[in-house]
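So the chains spell out like this:
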Amino acid sequence: QVQLVESGGGLVQPGGSLRLSCAASGRFFMINAMGWYRQAPGQQRELVATITRDRSTNYADSVKGRFTVSRDNAKNTVYLQMNSLKPEDTAVYFCSANVRLSPSPTRTDYWGQGTQVTVSS
């Protein structure tokens, strides 16, 4: 019903930047909050940043001041601009979306397949 496709991951040197994108497609009524999570090897998935439909944002303390989340509601797309990257930012980054499939208030969470970000010299 809803597909999320991430792009923009890759290998970058410490101090560098990357921009992730996540586009939602399929049949749905409205996308509410969207966000980014990450999972490093051997660790649990953790929140990176979220953004509501009216663009209120929330960040993990570890990325505040370095990462910026934004969205384009017309394109059903969420972005994550990552600056001043550190080796500890290395992880698989997952996009999420909280979706209303119909005018009913019922919401469902969807996840992308993940994109690898590696910060290394």
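Our structure's up above, just so we're on the same page.
Now for a quick tour of the structure.

Conventions adopted
- Residues numbered from 1 in each chain as written.
- Predicted model: local features only at pLDDT ≥ 70, side-chain atom pairs only at ≥ 80, totals over all residues.
- Heavy atoms only, no water.
- Helix = DSSP H or I, 4+ residues; strand = E, 2+ residues; numbered from the N terminus.
- Rg over C-alpha atoms; globule rule 2.2 N^0.38 Å.
- Buried < 20%, exposed > 50% of the residue type's maximum accessible area, 1.4 Å probe, protein only.
- Contact = heavy atoms within 4.5 Å.
- Areas by Shrake-Rupley, 256 points an atom, 1.4 Å probe, with all protein chains shown as cover.
- Lys, Arg positive; Asp, Glu negative; His and termini not counted.
- Charge placed at Lys NZ, Arg CZ, Asp CG, Glu CD.
- Salt bridge = Lys/Arg side-chain N within 4 Å of Asp/Glu carboxyl O.
- Phe/Tyr/Trp six-rings, centres within 6.5 Å; stacked < 30°, edge-to-face > 60°.
- Lys NZ or Arg CZ within 6 Å of the ring centre and 35° of its normal.

A few words now on the overall build of the protein. Counting secondary structure elements, the protein contains zero helices and 11 strands. Secondary structure elements of the protein, listed N to C terminal, follow the sequence β-β-β-β-β-β-β-β-β-β-β. Computed over its C-alpha atoms, the radius of gyration of the protein comes to 14 Å, within 12% of the 14 Å expected for a compact globule of 121 residues. Projecting the C-alpha coordinates of the protein onto the three principal axes gives extents of approximately 50 × 25 × 25 Å. By the burial criterion, 41% of the 121 residues in the protein qualify as buried. Contacts in the protein between residues at least 24 apart in sequence constitute 54% of all its contacts with a sequence separation of at least 6. Carbon and sulfur atoms provide 47% of the accessible area of the protein, an area that totals close to 6400 Å². Put simply, the protein has 13 plus and 8 minus side-chain charges, and the middle of one group is 7 Å from the middle of the other.

Take Ser120: it is sitting in the segment after strand 11 (115–119). A residue is classified by how much of its surface remains accessible, and Ser120, at 38% relative accessible area, is partly exposed. Distance in space between the C-alpha atoms of Ser120 and Glu88 is 9.4 Å, their sequence separation being 32 residues. Discounting chain neighbours no more than four positions away, the residues touching Ser120 are Leu11, Val12, Gln13 and Pro14.

Right, let's get into the pattern of salt bridges. Any two side chains of opposite charge can pair if their charged atoms end up close together. Scanning the model with the defined rule gives four salt bridges in all. Of the charged contacts, one joins Asp61 and Lys64 as a salt bridge, the two residues approaching to 3.1 Å between their closest N and O atoms. By relative accessible area, which is 65% here, Asp61 ends up exposed. Across the pair Arg66 and Asp89 runs a salt bridge, and its minimum N-O distance is 2.8 Å. Of this pair, Arg66 sits in the loop between strand 6 (57–59) and strand 7 (67–72) while Asp89 sits in the loop between strand 8 (77–82) and strand 9 (91–100), and the two are 23 residues apart along the sequence. Note on Arg66: relative accessible area 10%, which makes it buried. Judged by relative accessible area, which is 1%, Asp89 ranks as buried. A network of salt bridges, in which partner residues are shared, links Arg38, Glu46, Arg66 and Asp89.

The full count for this structure, using the stated rule, is one aromatic pair. Centre to centre, the rings of Tyr37 and Trp111 are 5.0 Å apart; their planes meet at 65°, and the pair counts as edge-to-face. Here Tyr37 is found in strand 4 (residues 30–39), whereas its partner Trp111 is found in strand 10 (residues 108–111), with 74 residues between them in sequence. Between Arg45 and the ring centre of Phe94, over which it is positioned, the NZ or CZ distance is 3.7 Å.

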